Amino acid sequence: MRIFFIGLFCFFSLIGLAQEDSETSTIKAIVKNAQSNLPMESVHVVNLNQVVGTITNEKGEFSISAAVNDTLFFSYLGFKSQKIRVTNDMFKFENTEIALTELAYALEEVIVRPYQLTGYLEIDVKNLPINNAYQYSISGLSVGYEGGNKNPSAVTKVLGAILNPADLLRNLFGKRPNQMRKLRQMKEDDKIRDLLASKFDRETLVELLQLEKMDIQDILNNCNYSQSFITTANDLQILDAISSCYEEFKVLNRKK
């Protein structure tokens, strides 16, 4: 009987610890330059688990909602991005310091070839480079922008993706429901939207959605976005494009 009560006590203690670990609170810390040890302003901090973001102030300080074992993602232009696992000590001590390391870039020679005009309109119009992009998702607008002629196979291509169980689009969306649910959360957080609008490397999207860069490109290819858009759009436009494609996927999948 004594052993039973001891076991019962241990069981409820473990439950209490698990609940304590999962509680969300506000964490405060400072981001510094690893080389100069100076505080870094405007560093983007994203909680990958709860999909919330913030930026550091002029003293390098930030506060963000988090729970123990959440992962914080730090990014700043010209510095190596870093992921930090939240621990109990980070809640106890507000002066926790996170150091970011500068990236070393090797500059390459770029040759710029200006477009030469002849002065004859008919000739210049024919020689102008043609933009083959036909589907753009513009952040802030509820509808897409079509640049050039829309590909007539756009709808049938997406329909084909839905009706074919082996298709990559279905595999990517269907097998990652949790990641896809984060899309709406990401779009509703202004700090994350500001971060994505300033980035073109897909790094933050990869971390938030737990997808590979090739997965993101395959999703956009299957949703009939042009290579021009895929390679030139910022991360926020890519997020909007994936979200639009996912919403269309859900609608068509329900009709199946």
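In this report, the structure presented in the accompanying data block is examined. (Residues numbered from 1 in each chain as written. Predicted model: local features only at pLDDT ≥ 70, side-chain atom pairs only at ≥ 80, totals over all residues. Heavy atoms only, no water.)

Before going further, it helps to examine the nonpolar core. In this structure, Met 186, Ile 216, Leu 220, Ile 238 and Ile 242 are the most contacted members of the largest nonpolar core, which totals 31 residues. Secondary-structure elements contributing two or more residues to this core are helix H6 (177–188), helix H7 (190–197), helix H8 (203–209), helix H9 (213–222), helix H10 (227–232) and helix H11 (235–255). Apart from residues no more than four positions distant in its own chain, Leu 220 is found in contact with Tyr 225, Ile 230, Ile 238, Ala 241 and Ile 242. In terms of nonpolar packing, the next biggest core, distinct from the first, is built from 16 residues, Ile 27, Leu 72, Phe 79 and Met 90 among them. (Core = buried A, V, L, I, M, F, W, Y, C linked by side-chain atoms within 4.5 Å. Buried < 20%, exposed > 50% of the residue type's maximum accessible area, 1.4 Å probe, protein only. Helix = DSSP H or I, 4+ residues; strand = E, 2+ residues; numbered from the N terminus. Contact = heavy atoms within 4.5 Å.)

Let us look at the pairing of strand E4 (residues 61–66). Only one face of E4 is buried, namely the one carrying Phe 62, Ile 64 and Ala 66, since none of Glu 61, Ser 63 and Ser 65 on the opposite face is buried. Pairing of strand E1 (residues 25–33) with E4, which is carried by 6 bridges, proceeds in the antiparallel orientation. By the bridge assignment for E4, Ile 27 is matched with Ile 64. (Pairing = 2+ DSSP bridges.)

Before going further, it helps to spend a moment on the state of the cysteines. Counting across every chain of the model gives 1 disulfide. Between Cys 223 and Cys 245 runs a disulfide, and the two sulfur atoms are separated by 1.4 Å. Taken as a pair, Cys 223 in the loop between H9 and H10 and Cys 245 in helix H11 lie far apart in primary sequence, 22 residues in all. In this structure Cys 245 comes out as buried when scored by relative accessible area, which is 2%. (Disulfide = S-S within 2.5 Å.)

Right, let's talk about H9 for a bit. Within the sequence span of H9, burial applies to Asp 215, Ile 216, Ile 219, Leu 220 and Asn 222. Angular distribution of buried residues about the axis of H9 spans 165 degrees; they occupy a single face of the element. Of the residues one or two after H9, Asn 224 is the one with positive phi, at around 70 degrees. (Arc of directions from axis to C-beta.)

Before going further, it helps to examine H7. Taken as a whole, H7 has its buried residues at Ile 192, Arg 193, Leu 195 and Leu 196. Projected down its long axis, H7 shows its buried positions confined to an angular sector of 160 degrees, all on one face. Between the side-chain oxygen of the N-cap and the backbone nitrogen of Lys 191 there are 3.0 Å, and the N-cap of H7 in question is Asp 189. (Polar contact = N/O pair within 3.5 Å; in protein donor to acceptor, adjacent residues only side chain to side chain.)

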